[in-house]
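# Overview (structure and organization)
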Amino acid sequence: MLTKDSPLLVTGGAGFIGSHFVLDWFATAGTPLVNLDKLTYAGNLRNLGSVAHKPGYTFVRGDIRDRELVDGLLHTHRPRAIVHLAAESHVDRSLMGPGEFLDTNVHGTFVMLEAARAYWQELEAVDQEQFRFLHVSTDEVYGSLKPGDAPFEETFAFRPNSPYAASKAASDMLVRAWHKSYGLPTVVTNCSNNYGPMQFPEKLLPLVLNRAIHGEPLPIYGDGMQVRDWLYVGDHAAALRVALERGKPGETYNIGGWNEQTNLDTVTMLCALLDEFLPDSPHRPHARLMTSVADRPGHDRRYAINATKAERELGWRPAETFETGLRKTVRWYLDNQAWVEEVTSGAYREWMETNYAGR
Ligand code: NAD
Ligand code: DAU
């Protein structure tokens, strides 16, 4: 019989958001958790050092597309829920090589759903009611907003524009179908841009911080007036925790921080914080390093989340403001330069060359 102490099976728990989810879980619920992660370039077990030896924590290196492995984990650990975060997540990489995004995000989600369905169908009726498949998705499935458009609601049509967004939209559709067709108790969250400690320095904030600290040009795609709705990653982790407990099967919840910023404003704020924290830096004022480069093809102009449903039905609200969250983030990167150096060796340099050399 499943209980509140039955484990969670988390996929992608060594990634940016996944590792914050795992850390938050052990700081709050503290019940057992199995973390299945392939450890691609984006996965990093260092993020999880503080929980690695906790009773109840199990790490399994493996691929979500390995049905036999996933079946074995479900059979052995008898989880009460699956929290599915594993994905390829960087838009620029999806433009250079979309195949991996379809394989992992679409086929991988299909394998997880089929394994979950087989496991769930064998459960007692009372356990079937308890079980949840929480699918972690993105606001990019809704496409791009114009200035003045209302923020994304859960009922908006999907209009994905990048291969990444299309692969996530496809995975969301599969989750919907597995609920409608088979009754699998799924919950979907669509979240806006996350930032915070331990984010791989290919995404805007850590990339800019890392380059600014070293006095390197800060690449601003196009005119820099694209708008993103930033949420501190710890707030997303907390939202996933409550969505797991209070989310209704078959429902979708938009998660966001009511915090729309242009990229120019975001980078300017980061530079101002670096000026403050590094008064002796020869690179001050860091904003001088901002450099316009060729735009991202198909670049979405604006994302904005209406998080009313999550606030009303889950009782969730972000704890951090952009100001407090950015301060924590900049401080963390300054205090953890060894982490950054480790993840930016070898393959990272090749990525920087591939994505930025021709811009
Ligand atoms: P990330 O790229 O930092 O981490 C992804 C993790 O998944 C890594 O640990 C990687 O090793 C693992 N992984 C990749 N392919 C795998 C496979 N085939 N099998 C097992 N593990 C695999 O991603 P993130 O930014 O932490 O995003 C996590 C999830 O949240 C994704 O589904 C993403 O679409 C979604 N999301 C991200 C954001 C954001 O701003 N980063 C916002 C909304 C939603
Ligand atoms: O909205 C949620 C999504 O946010 C997640 O689903 C994705 O996994 C995550 O990567 C993120 O997508 P974005 O494309 O918005 O994030 P990124 O950090 O790549 O870029 C943020 C903005 O900054 C975007 O408008 C592009 C711009 N940018 C990005 C980079 C890497 C630049 O101007 N220069 C850069 O070098």
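Residues numbered from 1 in each chain as written. Chains lettered and ligands numbered in written order. Predicted model: local features only at pLDDT ≥ 70, side-chain atom pairs only at ≥ 80, totals over all residues. Heavy atoms only, no water.

Here we come to the packing of aromatic side chains. For the structure on display, the rule yields 18 aromatic pairs. A centroid spacing of 6.3 Å and a plane angle of 80° characterise the contact between Y333 and W339, whose relative ring orientation is edge-to-face. Each member of the pair, Y333 as well as W339, is classed as buried. Counting every residue linked through ring pairs, the aromatic cluster contains Y142, F152, F158 and Y303. For the cation-ring pair, R93 lies above Y41, with the distance from its terminal atom to the ring centre recorded as 3.7 Å. Its end group placed over the ring of Y253, K309 keeps NZ or CZ at 4.9 Å from the ring centre. (Phe/Tyr/Trp six-rings, centres within 6.5 Å; stacked < 30°, edge-to-face > 60°. Buried < 20%, exposed > 50% of the residue type's maximum accessible area, 1.4 Å probe, protein only. Lys NZ or Arg CZ within 6 Å of the ring centre and 35° of its normal.)

Bringing the site of ligand 1 into the picture now. Ligand 1 sits among 30 residues. The nearest are I17, D37, S89, Y164 and K168. For ligand 1, an oxygen atom lies 2.9 Å from a polar atom in the backbone of L85. V136 is positioned with one of its backbone polar atoms (N or O) 3.5 Å from an oxygen atom of ligand 1. Within the complex, 96% of the 840 Å² of free accessible area of ligand 1 lies under protein. For the shell around ligand 1, the leading source of residues is strand β5 (residues 132-138), giving three residues. Considered class by class, the residues forming the shell around ligand 1 number twelve nonpolar, twelve polar and six charged. (Near = heavy atom within 4 Å. Polar contact = N/O pair within 3.5 Å; in protein donor to acceptor, adjacent residues only side chain to side chain. Areas by Shrake-Rupley, 256 points an atom, 1.4 Å probe, with all protein chains shown as cover. Helix = DSSP H or I, 4+ residues; strand = E, 2+ residues; numbered from the N terminus. Nonpolar A, V, L, I, M, F, W, Y, C, P; charged D, E, K, R; others polar.)

On to the environment of K38, then. Inspection of the secondary structure assignment puts K38 in the loop between β2 (33-37) and β3 (57-61). When near neighbours in sequence (up to four residues on either side) are disregarded, K38 contacts R61, G62, D63, R65 and E100. (Contact = heavy atoms within 4.5 Å.)

A few words on helix α11 (residues 322-335). For α11, spanning 14 residues, the distance from its first C-alpha to its last is 20 Å, which sits close to the expected 20 Å at 1.5 Å a residue. Of the positions making up α11, those classed as buried are F322, G325, L326, T329, V330, W332, Y333 and L334. On its buried face, α11 is in contact with β7 (194-195), α7 (204-213), β10 (231-232), β12 (260-262), α9 (263-277) and α12 (337-343). (Expected span 1.5 Å × (residues − 1).)

Here we take up the nonpolar core. Formed by 40 residues in total, the largest nonpolar core has its most connected members in L8, F21, L33, V83, I255 and W316. For this core, the elements supplying multiple residues, two or more each, are β1 (8-11), α1 (16-27), β4 (81-84), β5, β6 (186-191), α8 (233-246), β11 (251-255) and α10 (308-314). When residues in this core are grouped by element, the largest group, six residues, is from α8. (Core = buried A, V, L, I, M, F, W, Y, C linked by side-chain atoms within 4.5 Å.)

The immediate surroundings of ligand 2 are formed by 25 residues, with S89, D139, Y164, R296 and Y356 found nearest. Contacts to ligand 2 include N193, whose side-chain N or O atom sits 2.8 Å from an oxygen atom. Contacts to ligand 2 include H299, whose side-chain N or O atom sits 2.7 Å from an oxygen atom. Bound to the protein, ligand 2 loses 95% of the 690 Å² it would expose on its own. Those elements that place two or more of their residues in the shell around ligand 2 are α3 (91-96), α7 and β8 (218-221).

Another point: the packing of α7 against α9. Relative to each other, α7 and α9 sit at 40°, their axes nearing to 10 Å. On the basis of the axis angle, α7 is oblique to α9. Here α7 runs over α9; the crossing is right-handed. Across the interface between the two elements, L204, L205, V208, L209, A212 and I213 from α7 touch N263, T266, V267, L270 and L274 from α9. Taken together, the residues that form the contact of α7 with α9 break down as nine nonpolar, two polar and no charged. (Axes fitted to C-alpha atoms, helices over the stretch in contact; angles between N-to-C directions. Parallel < 35°, antiparallel > 145°, perpendicular 65-115°, else oblique. Left-handed = near helix turned anticlockwise from the far one by under 90°.)

Should their charged atoms come close, side chains of opposite charge can pair. Considering all chains together, one arrives at 22 salt bridges under this definition. A salt bridge links E202 to R93; the shortest N-O distance between them is 2.6 Å. On the criterion of sequence distance, the pair formed by E202 in the loop between β7 and α7 and R93 in helix α3 is long-range, its members being 109 residues apart. Of the two residues examined, E202 and R93, each falls in the buried class. Put simply, E313 and R312 hold a salt bridge, and the shortest N to O gap is 3.4 Å. Residue classification places E313 among the partly exposed positions, given a relative accessible area of 30%. Since its relative accessible area comes to 58%, R312 is described here as exposed. (Salt bridge = Lys/Arg side-chain N within 4 Å of Asp/Glu carboxyl O.)

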